[in-house]
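Chain residues, written in single-letter form:
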Amino acid sequence: MSDRDPQPVERQLPTDEARDLLALVREIARREIAPKAAEEEDAGRFPREAFTLLSESGLLGLPYDAEYGGGEQPYEVYLQVLEELAAARLTVGLGVSVHTLASYALAAYGTKQQQVEHLPAILGGGLLGAYCLSEPASGSDAASLRTRAVRDGDSWVINGTKAWITHGGIADFYTVMARTGAEGSHGITAFLVPGDAEGLSGAVPEKKMGMKGSPTAQVHFDDVRVPDDRRLGEEGQGFAIALSALDSGRLGIAACAIGLAQAALDEAVGYATGRRQFGHPIADFQGLRFMIADMATQIEAGRALYLAAARLRDAGRPFAKQAAMAKLHCTDTAMKVTTDAVQILGGYGYTADFPVERYMREAKVLQIVEGTNQIQRMVIARHVAGPESR
C-alpha cells in the first residue's frame, strides 16, 4: 500500500557492543522471524527453529553471567532486544521473556554446583524453559497454590497441576513452585524439573484468541520424583523467589508490549501514507494525524518507563513499583495502539490480509499474563499509599 519503510527506533544504548547486538537482532528478526509470523500463527505452529537460532546466537541468556554462557548484558539492553523480537513476532519475544523468567531462580538462587551443572545448557545449549506458578484455582492468589512436593529420602515427589503455562508440554525444563510446608506463602519451595521427568505431562494446549503459535497448557505432575539437588533456594523460600522473578518478568512483558505496539504503529503509518481518499493520502487528514501522534507518544512514554525501571534494576536499586507501572502502562498502550491501528486501516484492518487484527488479538493477553493489570494497580497503590488497612 505504501513504499514508505518503517523508521528504525532511535535507541540510547550504553556501548558499541550493545549497538552491534541490536543490529544482529534486527537482522535475525527481519530475515528469519517476521516473514513466517502470519502463516505460522494462523497454523498454530510453534517456531522451535527460531529459538534454536536465538540460542546459537547467544540471545537466550543475555542478562546472565558470561561464566555460564550468558551475555552479561544489562537489563536496559536485554529489554530492547525483547522489543525488537516482539515487533517481529510476539510468540518469539514473549517466549524469550518466559525462558529468561524460568532461568531466573537457578541463576539468582541456585548453588554454585547447580549453576555449573545446569546453566550452560539453559543459557546457550538450545534448551527452552517454562515457569510454573499458576494453577487452575490459584492465579492472582498465587500463594494459595496446591501442587505439593513431599520429601522422600534424598528426593521430592511432586503431585498437582499447573495452569496457563507458556511452553507447557514442549519445554525442556520447568521452574516449579510447589507446597512443601504449611498453607500460605512461607510453605512454598522452588524446583528445577526436567521436561522429560517421568510422570510429567502437558495437556492439550488452550485454544486462544491470539498467540496461537505459542502453546499455553496445563502441566500435570503425577508422582514426579526430583532429587533434592534440584531444589532451588531454601525450603519455604519459593514464593519470595517467584515474586522476585516476576518483578523482572514484568519488565519483559512491558518491552514485548511496546514492540507489538511499535509494529502496529509502523503498519498504520505505512497504510495511511499510501491509502488515498478524496485525492489525498489519508495521513493528511487531521483526525488520523492526531491518532498517529497519540499512538507514537504513548509508545515513547512506555519505552521510557520500562527503560527507567531497567536502569534502576541494573543499578541494584529497588524497582518493583516501576516494574508494575511499566507493565501496566505498556500493555494498556499496546491494547489501545493496536485497536487504533485497526481503525486506521478501516475494513482492511479487520481482515487477515493485514497483520493489525492479529496484533490486536495478541495485545489483549499482555494485560493478563504475569499479574493482571488490576494486580499491577494494587502493587503500585501499596507502594504509593501503603498497605490496605483491612
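Definitions and cut-offs
Residues numbered from 1 in each chain as written. Predicted model: local features only at pLDDT ≥ 70, side-chain atom pairs only at ≥ 80, totals over all residues. Heavy atoms only, no water. UniProt positions renumbered as here; feature names shortened; annotations may be inferred. Buried < 20%, exposed > 50% of the residue type's maximum accessible area, 1.4 Å probe, protein only. Helix = DSSP H or I, 4+ residues; strand = E, 2+ residues; numbered from the N terminus. Pairing = 2+ DSSP bridges. Salt bridge = Lys/Arg side-chain N within 4 Å of Asp/Glu carboxyl O. Core = buried A, V, L, I, M, F, W, Y, C linked by side-chain atoms within 4.5 Å. Contact = heavy atoms within 4.5 Å. 1 Å grid on protein atoms, 1.4 Å probe; cavity = no way out; pocket = protein on both sides within 12 Å on 5 of 7 lines; lining within 4 Å. Points joined across faces, edges and corners; volume = space filled by probe spheres on them. Polar contact = N/O pair within 3.5 Å; in protein donor to acceptor, adjacent residues only side chain to side chain. Expected span 1.5 Å × (residues − 1). Bend = angle between axes of the 7 residues up to and from the residue.

Named according to an unreviewed UniProt entry, the chain is Acyl-CoA dehydrogenase family protein originating from Streptomyces sp. 900105755. The annotation that UniProt attaches to the chain under Sequence similarities (unreviewed entry) is "Belongs to the acyl-CoA dehydrogenase family." Taken verbatim from the UniProt record of the chain, the Cofactor (unreviewed entry) comment is "FAD".

Engineer: In this structure, what is going on with the pairing of strand E4 (residues 173-179)? I would like to understand it.
Structural biologist: A regular strand places its side chains on the two faces of the sheet in alternate fashion. Burial analysis of E4 places seven of its seven residues in the buried class, which makes it a mostly covered element. Going residue by residue along E4, you find Phe173, Thr175, Met177 and Arg179 tucked away on one face and Tyr174, Val176 and Ala178 tucked away on the opposite face as well. In terms of strand pairing, strand E1 (residues 129-132) meets E4 through four bridges, oriented parallel. The residue of E4 that forms the bridge with cysteine 132 is valine 176. Sheet analysis places E4 next to strand E5 (residues 188-194), joined by seven bridges and oriented antiparallel. Within the sheet, the bridge partner assigned to tyrosine 174 lies in E5 and is valine 193.

Engineer: Explain the pattern of salt bridges to me, please; I cannot follow it from the model alone.
Structural biologist: A side chain of one charge can pair with a side chain of the opposite charge if their charged atoms are brought near each other. Under the definition given, this model contains 27 salt bridges. Among the salt bridges present, the one from arginine 151 reaches aspartate 228, with a minimum N-O distance of 3.8 Å. Separated by 77 residues along the polypeptide, arginine 151 in strand E2 (residues 148-152) and aspartate 228 in the loop between strand E7 (216-227) and strand E8 (231-232) bring together distant segments of the chain. Of the residues examined, arginine 151 reaches a relative accessible area of 40% and is grouped as partly exposed. Taking the relative accessible area as the measure of exposure, aspartate 228 reaches 18% and is therefore buried. Arginine 303 is the partner of glutamate 300 in a salt bridge, and the nearest nitrogen-oxygen pair spans 3.6 Å. One end of the pair is glutamate 300 and the other is arginine 303, both in helix H7 (residues 286-314) and three residues apart, which spans about a single turn. For arginine 303, a relative accessible area of 4% puts it in the buried group.

Engineer: Even after reading the chapter, I still don't get the UniProt feature "domain: Acyl-CoA dehydrogenase/oxidase N-terminal" (unreviewed entry) in the chain, so can you show me in this structure?
Structural biologist: Under the UniProt annotation, "domain: Acyl-CoA dehydrogenase/oxidase N-terminal" (unreviewed entry) lies at residues 15-125. With 76% helix and 0% strand, the stretch residues 15-125 has end C-alpha atoms that lie 26 Å from each other.

Engineer: Would you mind showing me how to read the environment of proline 215 here?
Structural biologist: Mapped onto the fold, proline 215 is located in the loop between strand E6 (200-202) and E7. Taking the C-alpha atoms as reference points, proline 215 and glutamate 267, 52 residues apart in sequence, are found 26 Å from one another.

Engineer: I keep staring at the nonpolar core and nothing clicks. Help me out?
Structural biologist: Nonpolar side chains in soluble globular proteins generally cluster together in the buried interior. Leu79, Tyr306 and Ile344 are the most contacted members of the largest nonpolar core, which has 74 residues in total. Mapped by element, the contributors of at least two residues to this core are helix H1 (16-43), helix H2 (48-56), helix H3 (75-88), helix H4 (90-109), helix H6 (238-274), H7, helix H8 (320-345) and helix H9 (356-366). No other element matches H6, which puts 16 residues into this core. Sequence-distant contacts of tyrosine 306, that is, excluding residues within four places in its chain, are made with Arg11, Leu79, Gln80, Glu83, Leu251, Ala254, Ala255, Ile258, Ala326 and Cys330. Judged by nonpolar contacts, the second largest core, of 26 residues, contains Leu123, Leu145, Leu232 and Ile241.

Engineer: Mind showing me how you'd approach the layout of surface pockets here?
Structural biologist: If a probe as big as a water molecule is rolled over the atoms, it shows which places are left empty. The computed volume of the largest pocket comes to approximately 1200 Å³. When residues in the lining of the largest pocket are grouped by element, the largest group, six residues, is from H6.

Engineer: Please clarify how the side chain of threonine 338 should be interpreted in this entry.
Structural biologist: With respect to the helices, strands and loops of the structure, threonine 338 is situated in helix H8. In terms of polar contacts, threonine 338 uses its side chain to reach the backbone carbonyl oxygen of methionine 335, at 3.1 Å. Excluding residues within four positions of it along the chain, threonine 338 makes contact with Leu260, Ala264, Val356, Tyr359, Met360 and Ala363.

Engineer: I tried to follow helix H5 (residues 112-124) on my own but got confused; where do I start?
Structural biologist: In an α-helix, one turn spans 3.6 residues; hence positions three or four apart end up facing the same way. Across its 13 residues, H5 extends 18 Å between first and last C-alpha, which sits within 8% of the 18 Å expected from 1.5 Å per residue. The sharpest bend along H5 reaches about 45° and sits at histidine 118, with the proline proline 120 one to four residues further on. Listed in full, the buried residues belonging to H5 are Gln114, Gln115, His118, Leu119, Ile122 and Leu123. Elements in contact with the buried residues of H5: H4, E4, E5 and E8. Positive backbone phi, approximately 85°, marks glycine 126, located one or two places after H5.

Engineer: Honestly, the environment of glycine 195 in this entry has me stumped. Any pointers?
Structural biologist: Position of glycine 195 among the secondary structure elements: in the loop between E5 and E6. Apart from the residues lying within four places of it in its own chain, the contact partners of glycine 195 are Ala171, Asp172, Phe173, Tyr174 and Leu200.

Engineer: Help me understand unusual backbone geometry, please; the structure alone is not making it clear to me.
Structural biologist: Peptide bonds are mostly trans, and most non-glycine residues show a negative phi. Located in the positive-phi region is aspartate 223, a residue other than glycine, with phi close to 55°. Looking at where aspartate 223 falls in the secondary structure, it is placed in strand E7. Under the relative-accessibility criterion, aspartate 223 is labelled exposed at 52%. Its identity is not glycine, yet phenylalanine 278 carries a phi of approximately 55°, on the positive side.

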